[in-house]
4 protein chains.
Amino acid sequence: MIRAGIVGGTGYTGVELLRLLLPHPEVTVQVITSRAEAGERVDTHFPNLRGMCDLCYTAPDPEILAKLDVVFFATPHGVAMDSAPELLAHDVRVIDLGADFRLADAEVFAHWYGMAHRAPEALRAACYGLPEYFREHIAQSRLIANPGCYPTAVILGFAPLLEAGLLHQDTLIADCKSGVSGAGRTGRVNLIVPEAADSVAAYGVSGHRHRPEIEATLSKLSGETIELQFTPHLMPMIRGIHATLYGQLQQPLSDAALQALFAERYAQEPFVDVLPFGSHPATRSVRGANVCRIAVHQPRPGQVVVLSVIDNLVKGAAGQAVQNMNRMFALPESLGLTQIALLP
Amino acid sequence: MIRAGIVGGTGYTGVELLRLLLPHPEVTVQVITSRAEAGERVDTHFPNLRGMCDLCYTAPDPEILAKLDVVFFATPHGVAMDSAPELLAHDVRVIDLGADFRLADAEVFAHWYGMAHRAPEALRAACYGLPEYFREHIAQSRLIANPGCYPTAVILGFAPLLEAGLLHQDTLIADCKSGVSGAGRTGRVNLIVPEAADSVAAYGVSGHRHRPEIEATLSKLSGETIELQFTPHLMPMIRGIHATLYGQLQQPLSDAALQALFAERYAQEPFVDVLPFGSHPATRSVRGANVCRIAVHQPRPGQVVVLSVIDNLVKGAAGQAVQNMNRMFALPESLGLTQIALLP
Amino acid sequence: MIRAGIVGGTGYTGVELLRLLLPHPEVTVQVITSRAEAGERVDTHFPNLRGMCDLCYTAPDPEILAKLDVVFFATPHGVAMDSAPELLAHDVRVIDLGADFRLADAEVFAHWYGMAHRAPEALRAACYGLPEYFREHIAQSRLIANPGCYPTAVILGFAPLLEAGLLHQDTLIADCKSGVSGAGRTGRVNLIVPEAADSVAAYGVSGHRHRPEIEATLSKLSGETIELQFTPHLMPMIRGIHATLYGQLQQPLSDAALQALFAERYAQEPFVDVLPFGSHPATRSVRGANVCRIAVHQPRPGQVVVLSVIDNLVKGAAGQAVQNMNRMFALPESLGLTQIALLP
Amino acid sequence: MIRAGIVGGTGYTGVELLRLLLPHPEVTVQVITSRAEAGERVDTHFPNLRGMCDLCYTAPDPEILAKLDVVFFATPHGVAMDSAPELLAHDVRVIDLGADFRLADAEVFAHWYGMAHRAPEALRAACYGLPEYFREHIAQSRLIANPGCYPTAVILGFAPLLEAGLLHQDTLIADCKSGVSGAGRTGRVNLIVPEAADSVAAYGVSGHRHRPEIEATLSKLSGETIELQFTPHLMPMIRGIHATLYGQLQQPLSDAALQALFAERYAQEPFVDVLPFGSHPATRSVRGANVCRIAVHQPRPGQVVVLSVIDNLVKGAAGQAVQNMNRMFALPESLGLTQIALLP
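Residues numbered from 1 in each chain as written. Chains lettered and ligands numbered in written order. Predicted model: local features only at pLDDT ≥ 70, side-chain atom pairs only at ≥ 80, totals over all residues. Heavy atoms only, no water.

## Looking at the packing of helix H8 (residues 149-163) of chain B against helix H11 (residues 255-265) of chain B
All names here are of chain B. Taken N-terminus to C-terminus, the directions of H8 and H11 make an angle of 110°; their axes are 10 Å apart at the nearest point. Taken together, the axes of H8 and H11 are roughly perpendicular relative to one another. H11 is crossed by H8, and the crossing has right-handed handedness. Along its contact with H8, which presents Leu 156, Gly 157, Pro 160, Leu 161 and Glu 163, the element H11 presents Leu 258, Leu 261, Phe 262 and Arg 265. (Axes fitted to C-alpha atoms, helices over the stretch in contact; angles between N-to-C directions. Helix = DSSP H or I, 4+ residues; strand = E, 2+ residues; numbered from the N terminus. Parallel < 35°, antiparallel > 145°, perpendicular 65-115°, else oblique. Left-handed = near helix turned anticlockwise from the far one by under 90°. Contact = heavy atoms within 4.5 Å.)

Printed below as a string of structure tokens:
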């Protein structure tokens, strides 16, 4: 059994990790930390876990964490970078669900996150944990940067086209819609029901931290410098991301050829589902499931629209983290991740 | 492996049965029927099942159904009663998620459902499938009337008090709040988002079909004639029932004694969770899970308030049906039913 | 023109007062205060007011307030009591939308609000501002305690029965459902969309500050000591209160007589709408409107159920405050209050 | 007083017309038609109107309609075209909130709406009722094609840039998000709460009837042939459209110049509100109000993003219709249209 720990267990990615790890046949969660809630039972904060989990929060203790096999960081940026090096030195594998190791360039990180990177060596060793594109590297890595929720949806939708060099690079647009859980479990006025329910608004249109992450990864996959317009919107729903992706073909391509490109690229992927050409996936079709559903359109010749939906807390966070863990420990990648989406 | 069929597979209880039965280790779903959708893949209607289910709908065929081990009816009232007798004659077990066999008295059925009962003999043989109170009978039965969603929440909350003879019988009130999925997957104007979202209203205040079902069951459990005021409300949410139950104690009882009554009654029940005295369970704590969470209050001496929440599609329908099936086939009652509620 | 001021203008009752007062033909809002936002334009915080309001927040200044005709306090309890006496001394009328003057008994106030009352003399002079029952007193008062949102819905629904002495006093139950805006514009985790949307829960079942307010007022109207069970629930919606009220008749009464009692009591009331017997009012039918809609049921002989809905921010707060203001200044009571509810 | 009639008064645009016209100081609504509901009071269907409206539905009667001053058609396409010619012949002004007269080219209409146009002469006489761009023509017209909801939001957002010839014509994208009321008051399964709440999906990506309407109008305003990618999405909310518009500048332009372009274009418009550069308008800021709020961004040099929000039932339908009526009858354009948006 893999002995696992979760640092920062009071947010939504923390409880979602528990939902997936508690029934996982090869994992035992031994530690979950929270300074503020140390000593309290986890299920008093997350009553969905009553009867399933006897854990109590503890203050993070490096010595205890050092004895585990894997530690998940479900923390704001700036936390994992301070602990990861020591854990790695003790041969503990680390999966950071925060942003500390997503941007390979420490200066880019500093620019977007407003702090110097304090573990540049670990940053160089980190692997971007998107299994569909970096599977082999993940298997050999001991430090995983779990992708952001928006980047997961956007990259999975754009990458087949960019790998094949089919798109004009200067016209990419990702118009993304996210449920409110993507903003975290935090008491901000703009997230309360009277503000965020029954309304839609964009945010961060002029710049959002997930843009450089998307651009860097797509650039790597395409071998070109990719810039895109990324526009996030807050939706009056709890879970889910819907990415609407726009690109211009460099040369004519039939609908069938477009569809085949996606179908073949993801044919062997357990967690990417390519729908029939011209479909409209709904976020509810992935609620609670570790899957990305994708549909391709070509409304006018040369104009490609890709629709890509995920559950931001599962394929966009905790589920992908477990998928990475499975890979790191040479387990079947789908182990413990075959929950069917909750619909309705 | 238990060979199972689902009659009426295009509604919410149908898809929820599939969500629970497809991964069930002792069940293989062999048939799912729908006249209107015969020949179509189930996952075109319920995209959450893509990759999990290759079934196509078929028109109901008595000969095929007769070769199964168990048939679930996820149909409106009036359907199961016409098919159940023949299936029983072929030694097929039947679990009706509709209302045909819930009211033991055929005349009461006729009054509330506006049709004569066409299978009175089967009705006499049917067992009310609330495992927490009729477990032994269920094990020996071949025809199960799966309880209504409201009755499940209300009976589990009131029964410990009534079994013990603690309440005045003429002051019982069940003020119930249900998500819209309880009204079924049907295109009625009053259920569309602009009508039913961001609003609350009661319905059926002067009489609702679940009242006689609740009263009959509580009367049976208490040995007295129980009448209650049952007030259902439609909530702007998808899943969940919150029952707020009011009763007057016949004699003083301490808070601790009240709590002990519930805690002891349900101590061995895997799917009834008694919260600490004075708690406030939220429906989201049971979303997608086969559990009823209950909390007891005594705001003033003698005034008892019980809060009881379930997911109407799980413990209030499909999950309870699987629990009954497990019992009928002598499987562990929790098999395939330990999903953790999806929160948030 | 009435010169009006609003103290505490950054919450939902503050912006709702502006929505009603800005177009009011006999009012000019001259001051709106907020220490934290002093100097900022109001419409940067409430963009619905853009083009309608050039006001900026100011820090509260007693000298400026003393020159107004009326000051509305849209503040937490404990604020109005410190300012009201001086304003009254300067002949400024005061309408407190908070709780400082709702409980006539200072000791009861201290018990429920956890602070001594610091203006007991003003408290004695205050009038409970429910126009349907205290209209004459309001007209002569200079300090109005604007009723709480739950009390408004509950009292308007119960009072006709209690004034007539028709109910057993010991069986009253008010099961109330409120939208989240009732909790105020405050960044609490339990109010954010992932926590409070798509879920229902009760709160304060064992005791809530609105209970003594309801009990005191109903006792005053009935001439008896009224105790009731009051159970508030948080609904996944923005605005609206639905009160489901239960009582037992002391003697038989026909449905027609019950209906006539309500119809006659409120026949002349512009803001109480009695629906046909057995109706089910929805909160959306009053969204944004200063009206209480009421329907009466008698499911079994002697068991009365009253359904009463309001918009908590209008008839339950700002609208009622303007209604009181109109009364105090001898204006037509409906002036500026005839907005049609927004449906859908 | 203008004598007005509404044909097709059981949908959301019908009730919204009533909300605006009933208190309008220069209008008296004399007729509202519905074949199915003839004889029934309007307020039994729309309880928000109780106390405000004594009208009953009638079957449409050409003779009665012919005596009115103006008739609003709140009907599906194909209805107004059969009645408008006769009404015009009787000197009745017509405002069609449906699609019959929006596309000037009868063949384009036939292609997108699947029916031949049966009133081509009236079509030629019709004026597209977007006052901000066709104000003078509206004043002289007797038949108004009230714009679609999506087109209103998109055109108001794109037109200043296209009038000025600033954008590359082949890169326009309108990614639009609509509340469910845009689909009408109709009992379709995909609109009920369990399907459409707490989820987001696109629809009609490969082609939607509002695209040719947008393209024709923008082409007219720019003097060029405009093609755009239009992607509608269904949002889990009741009212509101959020249009996110993308374009590429043909030549560099400073942020200040971009902002000035919009600010100046709409400086005199009572119902278009240009927010400060880089703002993020929310649909709730226009809920119930006849206003379009617009914000401009330039995330990277040359990449323009315009955010445009309206209430689909007000500025996107009934409010704009009243604005057109005011114009046609030489009334102040804002008369009866200054409601403040309901927030929260």
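## What about the side chain of Arg 102 of chain D?
Residue and element names in this part refer to chain D. Counting through the fold element by element, Arg 102 comes out in the loop between strand S4 (93-96) and helix H5 (106-113). Since its relative accessible area comes to 11%, Arg 102 is described here as buried. In terms of polar contacts, Arg 102 uses its side chain to reach the backbone carbonyl oxygen of Leu 97, at 2.7 Å. Separated by 2.8 Å, the side chain of Arg 102 and the backbone oxygen of Asn 146 make a polar contact. Beyond its immediate chain neighbours, meaning those up to four positions away, Arg 102 contacts Leu 97, Tyr 128, Ala 145, Asn 146, Pro 147, Gly 148, His 210 and Glu 213. (Buried < 20%, exposed > 50% of the residue type's maximum accessible area, 1.4 Å probe, protein only. Polar contact = N/O pair within 3.5 Å; in protein donor to acceptor, adjacent residues only side chain to side chain.)

## Quick look at the interface of chain B and chain D
Contact residues are listed per partner, giving 19 residues for chain B and 19 residues for chain D. Taking both sides of the interface into account, the surface hidden between chain B and chain D amounts to around 1,500 Å²; carbon and sulfur atoms contribute 73%. Our enumeration of links across chain B and chain D arrives at two salt bridges. Linking chain B to chain D there are six residue pairs in polar contact (both at pLDDT 80 or more). Looking at which element gives the most residues to the side of chain B that touches chain D, the answer is helix H9 (residues 193-196) of chain B, with four residues. Per-class residue counts for the side of chain B that touches chain D are eleven nonpolar, four polar and four charged. (Buried area = accessible area lost by both parts, 1.4 Å probe. Salt bridge = Lys/Arg side-chain N within 4 Å of Asp/Glu carboxyl O. Nonpolar A, V, L, I, M, F, W, Y, C, P; charged D, E, K, R; others polar.)

## Details of the domain arrangement of chain A
Residue and element names in this part refer to chain A. Here chain A is described as being made up of domain 1 (2-125) and domain 2 (150-312). Distance between the C-alpha centres of domain 1 and domain 2: 27 Å. Opposite the 13 residues of domain 1 that make contact, domain 2 presents twelve residues. Carbon and sulfur atoms supply 55% of the area that domain 1 and domain 2 bury against each other, a total of about 1,100 Å² over both sides. When the area that domain 1 buries against domain 2 is broken down by residue, the three leading residues are Tyr 12, Arg 102 and Trp 112, summing to 50%. (Domains from an automatic or database assignment.)

## Some details on the UniProt feature "active site" (unreviewed entry) in chain A
UniProt's feature table lists "active site" (unreviewed entry) at Cys 149 of chain A, given in the numbering used throughout. Judged by relative accessible area, which is 14%, Cys 149 of chain A ranks as buried. (UniProt positions renumbered as here; feature names shortened; annotations may be inferred.)

## Section: H5 of chain D
Where H5 of chain D begins, the side chain of Asp 105 of chain D points an oxygen toward the backbone nitrogen of Glu 107 of chain D, at a separation of 2.8 Å. Two residues or fewer after H5 of chain D comes Gly 114 of chain D, characterised by a positive phi angle close to 70°.

## Brief notes about the relation of the copies chain D and chain A
When chain D is brought onto chain A, the operation consists of a screw motion whose angular component is 180° and whose axial shift is 0.0 Å, with 0.0 Å RMSD remaining. Between the two chains, the operation in question is that of a two-fold axis. No C-alpha of chain D lies nearer the rotation axis than that of Pro 236 of chain D, which sits 3.1 Å from it. A share of 100% of interface residues in chain D that are also interface residues in chain A marks the association as one of identical surfaces. (Least-squares fit on C-alpha atoms with pLDDT ≥ 70 in both.)

## Points about the nonpolar core
In terms of nonpolar packing, the biggest core is built from 78 residues, with Leu 17, Phe 72, Phe 158 and Met 325 of chain A touching the most fellow members. Sorting elements by how many residues they give to this core places helix H8 (residues 149-163) of chain A first, with ten residues. Here this core spans two domains, and each of domain 1 (2-125) and domain 2 (150-312) of chain A adds at least three residues to it. Leaving out residues up to four positions away in the same chain, Met 325 of chain A has contacts with Ile 2, Leu 21, His 24, Val 27, Val 70, Phe 72 and Ile 95 of chain A. Grouped together as the second largest cluster of nonpolar side chains are 77 residues, Val 154, Leu 156, Ile 214 and Phe 230 of chain D included. (Core = buried A, V, L, I, M, F, W, Y, C linked by side-chain atoms within 4.5 Å.)

## Structural notes on helix H10 (residues 210-222) of chain A
Residues and elements named next belong to chain A. In this model H10 runs 18 Å from its N-terminal to its C-terminal C-alpha over 13 residues, within 8% of the 18 Å that 1.5 Å per residue would give. With eleven of 13 residues buried, H10 lies mostly within the body of the structure. All of the buried residues along H10 are His 210, Arg 211, Pro 212, Glu 213, Ile 214, Glu 215, Thr 217, Leu 218, Ser 219, Leu 221 and Ser 222. Just downstream of H10, Gly 223 is the residue with a positive phi angle, here 75°. (Expected span 1.5 Å × (residues − 1).)

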